[in-house]
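In case you want the letters, here they are:
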Amino acid sequence: MLMYLEAFQHLTEIKKSLSVTGDSSLRTLEGLDSLTQVADSLSIENDNELRATDALKHISYLSGDLVVKSNENLFDLDGFIGLKQIGANLDIENNRYLKNYNGLKNITHVGGKTIEKDNGFEF
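Source: prediction; values computed, not measured.

Conventions used here
- Residues numbered from 1 in each chain as written.
- Predicted model: local features only at pLDDT ≥ 70, side-chain atom pairs only at ≥ 80, totals over all residues.
- Heavy atoms only, no water.
- Helix = DSSP H or I, 4+ residues; strand = E, 2+ residues; numbered from the N terminus.
- Buried < 20%, exposed > 50% of the residue type's maximum accessible area, 1.4 Å probe, protein only.
- Contact = heavy atoms within 4.5 Å.
- Polar contact = N/O pair within 3.5 Å; in protein donor to acceptor, adjacent residues only side chain to side chain.

A. Geometry of unusual backbone geometry. Phi angles above zero are rare outside glycine, and Asn-46 is one such case at about 55°. Among the secondary structure elements, Asn-46 is positioned in the loop between strand 4 (42-45) and strand 5 (61-62). Overall, Asn-46 belongs to the partly exposed group, its relative accessible area being 38%. Phi is positive for Asn-94, which is not a glycine, with a value near 55°. The topology assignment puts Asn-94 in the loop between strand 8 (90-93) and strand 9 (109-110). Residue Asn-94 is classed as partly exposed on the basis of its relative accessible area, which comes to 31%.

Right, dumping it as structure tokens:
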């Protein structure tokens, strides 16, 4: 686990948005394993070594957007298996090695647009 995410290992709630962006060394999101709620949007972008989102599996609702964009080596979205509702947009773009969307199978509501393009696997 990278030291800077280890500092968040007891964090259960974020009252605004969470953005994990532009880290060229981040392979997992370990350290965010206790997170159960993000009050607004969740964005994971330009993390070229990120391979897994499993640490986010306890989040069930976002009132804002879910954006997963331009993560060069992200293989799956299994970390979103607990997610049931997205209040705004679902945007999955430019994840070249994305193999499946199984982690999104429990989503029953998306309040805005669903944007999906230029991934390794299409809906």
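Having put the structure on the table, let's press on.
B. Looking closely at the environment of Asp-33. Examined against the element boundaries, Asp-33 turns out to sit in the loop between strand 2 (18-21) and strand 3 (37-38). A C-alpha to C-alpha distance of 25 Å links Asp-33 and Asn-94, two positions 61 residues apart in sequence. Not counting residues within four places of it along the chain, the set of residues in contact with Asp-33 comprises Ala-55 and His-58. At 2.9 Å, the side chain of Asp-33 and the backbone nitrogen of Gly-31 are in polar contact.

C. A look at the environment of Asn-106. By secondary structure assignment, the location of Asn-106 is in the loop between strand 8 and strand 9. What makes Asn-106 partly exposed here is its relative accessible area of 32%. Separated by 74 residues in the primary sequence, Asn-106 and Leu-32 place their C-alpha atoms 21 Å from one another. In this view, Asn-106 contacts Ile-81, Leu-83 and Lys-84; residues no more than four positions away in its chain are not counted. Among the polar contacts made by the side chain of Asn-106, one reaches the main-chain carbonyl oxygen of Ile-81 at a distance of 2.8 Å.

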